[in-house]
Amino acid sequence: MPVDFENYQPSDLPGPNTNGRTILRFLAATPETGYRAGEIAEALDIPRGSVGTTLSRLHNQGFVRHKGEYWAINPDAYDAHTASLIGLAAVSEQFAGDYYDENPDWDANLPDLDEYEDADSGTE
């Protein structure tokens, strides 16, 4: 599906059911432990080439740490992102079914606040 390229904001965290998310969950289970890419591939039954590529991408995004042959979760980045997602899910769940959820065009008739700001400042 085409997107507005200038305004597109991809999610930092890999999507559900992807190798990236699977690897992050695996590493997050033991944040103090480092694993070789081959060990991760074997434990998760993911092709070795896919694991290496995915780990490099996750490292560039700051989700994993890398020392020599070993990879581990970056708990600061992963925990902050996870907490944010949990918070958004909780808010979404709390307001599911309310007026705004049931009426997607609720904001169609809101006043233009810029008009009021210009009037207050004396400029038009």
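For clarity, every value in this text was computed on a predicted model and none was experimentally measured.

Observations concerning the overall build of the protein
Stage number 1. Looking only at helices and strands, one finds 6 helices and 3 strands in the protein.
Stage number 2. Reading the helices (α) and strands (β) of the protein from amino to carboxyl end gives α-β-α-α-β-β-α-α-α.
Stage number 3. Looking at the protein alone, contacts between residues at least 24 apart form 48% of all its contacts between residues at least 6 apart.
Stage number 4. If you sum the accessible surface of the protein, you get close to 9,300 Å²; carbon and sulfur atoms cover 51% of it.

Some details on helix α3 (residues 48-60)
Given 3.6 residues to a turn, an α-helix orients residues that are three or four positions apart in the same direction.
Stage number 1. When the terminal C-alpha atoms of α3 are compared, their 19 Å separation across 13 residues agrees well with the 18 Å that a helix rising 1.5 Å per residue should span.
Stage number 2. Restricting attention to buried positions, one finds in α3 the residues V51, G52, T54, L55 and L58.
Stage number 3. On the buried face of α3, the contacting elements are α1 (19-28), α2 (37-44), β2 (64-67) and β3 (70-73).

Considering the packing of aromatic side chains
Stage number 1. Evaluation of the coordinates by the stated rule reveals 1 aromatic pair.
Stage number 2. On the basis of an interplanar angle of 50° and a centroid distance of 4.8 Å, the ring pair of F26 and Y35 is categorised as tilted.

Brief notes about a nonpolar patch on the surface
Stage number 1. A contiguous nonpolar patch, built from Y99, Y100, W106 and L110 and spanning about 480 Å² of accessible area, is present on the exposed surface.
Stage number 2. Locating L110 in the fold gives a position in the loop between α5 (99-102) and α6 (113-121).

Some remarks on the sheet that holds strand β1 (residues 35-36)
Stage number 1. In space, the 3 strands of this open sheet follow the order β1-β3-β2, with antiparallel pairing throughout. With one partner strand each, in any of the chains shown, β1 and β2 form the two edges of the open sheet.
Stage number 2. Strand direction decides the pairing type here: β1 and β3, joined by 2 bridges, are antiparallel. Among the inter-strand pairings, R36 is bridged to a residue of β3, identified as Y70.
Stage number 3. Seen against the sheet, α3 touches β2 and β3 and runs at an angle of roughly 110° to β2.

Examining the packing of α1 against α2
Stage number 1. The N-to-C vectors of α1 and α2 enclose an angle of 105°; their axes lie 11 Å apart at closest approach. Between α1 and α2, the interaxial angle falls into the category roughly perpendicular. In this structure, α1 uses T22, I23, F26 and L27 to contact α2, whose residues at the interface are I40, A43 and L44.
Stage number 2. The class makeup of the residues in the contact of α1 with α2 is 6 nonpolar, 1 polar and no charged.

Regarding the environment of F26
Stage number 1. Tracing the sequence through the fold places F26 in helix α1.
Stage number 2. Once the C-alpha coordinates of F26 and L44 are considered, the two residues, 18 residues apart in sequence, prove to be 8.1 Å apart.
Stage number 3. In this structure, F26 is in contact with Y35, I40, A43 and L44, ignoring residues within four places of it in sequence.

Section: the nonpolar core
Stage number 1. Among the nonpolar cores identified, the biggest contains 15 residues, and I23, L27, I40, V51 and L55 are the most heavily contacted of them.
Stage number 2. Going through the elements one at a time, α1, α2, α3 and β3 are the ones with two or more residues in this core.
Stage number 3. In this view, V51 contacts I23, A37, I40, A41 and I46; residues no more than four positions away in its chain are not counted.

Reading the values: rules and limits
- Think of each chain on its own: its residues are numbered from 1, step by step along the sequence as written.
- Reporting of local features is limited, given that this is a predicted model, to residues whose pLDDT is at least 70; pairs of side-chain atoms are given and counted only at 80 or more, and all residues count toward the totals for whole chains, interfaces and linings.
- Side-chain metrics in this entry use all non-hydrogen atoms of the structure; hydrogen atoms and water are not considered.
- Secondary structure elements are defined from DSSP: runs of H or I of at least 4 residues count as helices, runs of E of at least 2 residues count as strands, and each element is numbered from the N terminus.
- For this analysis, residues touch if any pair of their heavy atoms sits within 4.5 Å.
- Per-residue accessibility takes into account occlusion by the displayed protein chains alone, with areas from the Shrake-Rupley method and a 1.4 Å probe.
- To estimate the expected span of a helix, count its residues, drop one, and scale the result by 1.5 Å.
- Remark: exposure states derive from per-residue accessible area (1.4 Å probe, protein chains only) relative to the maximum for the residue type, with buried under 20%, exposed over 50%, and partly exposed in between.
- Ring pairs are drawn from Phe, Tyr and Trp, using the six-membered ring of Trp, whenever the two centres fall within 6.5 Å, and their geometry is named by plane angle: stacked under 30 degrees, edge-to-face over 60, tilted for the rest.
- Here the term patch refers to residues with relative accessible area over 30% and no salt bridge, with like charges joined within 9 Å and nonpolar side chains (Val, Leu, Ile, Met, Phe, Trp, Tyr) within 5 Å.
- One side-chain nitrogen of Lys or Arg within 4 Å of one carboxyl oxygen of Asp or Glu is enough to make a salt bridge.
- By this definition, two strands are paired if DSSP reports at least two bridges between them.
- Angles run from 0 to 180 degrees between N-to-C directions of axes, and those axes are lines fitted to C-alpha atoms, restricted for helices to the stretch in contact.
- Here is the rule for angles: anything less than 35 degrees is roughly parallel, anything more than 145 is roughly antiparallel, 65 through 115 is roughly perpendicular, and the remaining ranges are oblique.
- Each residue gets one of three labels, nonpolar for Ala, Val, Leu, Ile, Met, Phe, Trp, Tyr, Cys and Pro, charged for Asp, Glu, Lys and Arg, and polar for the others, Gly among them.
- Take the buried Ala, Val, Leu, Ile, Met, Phe, Trp, Tyr and Cys residues and link them wherever side-chain atoms come within 4.5 Å; each set so joined is a nonpolar core.

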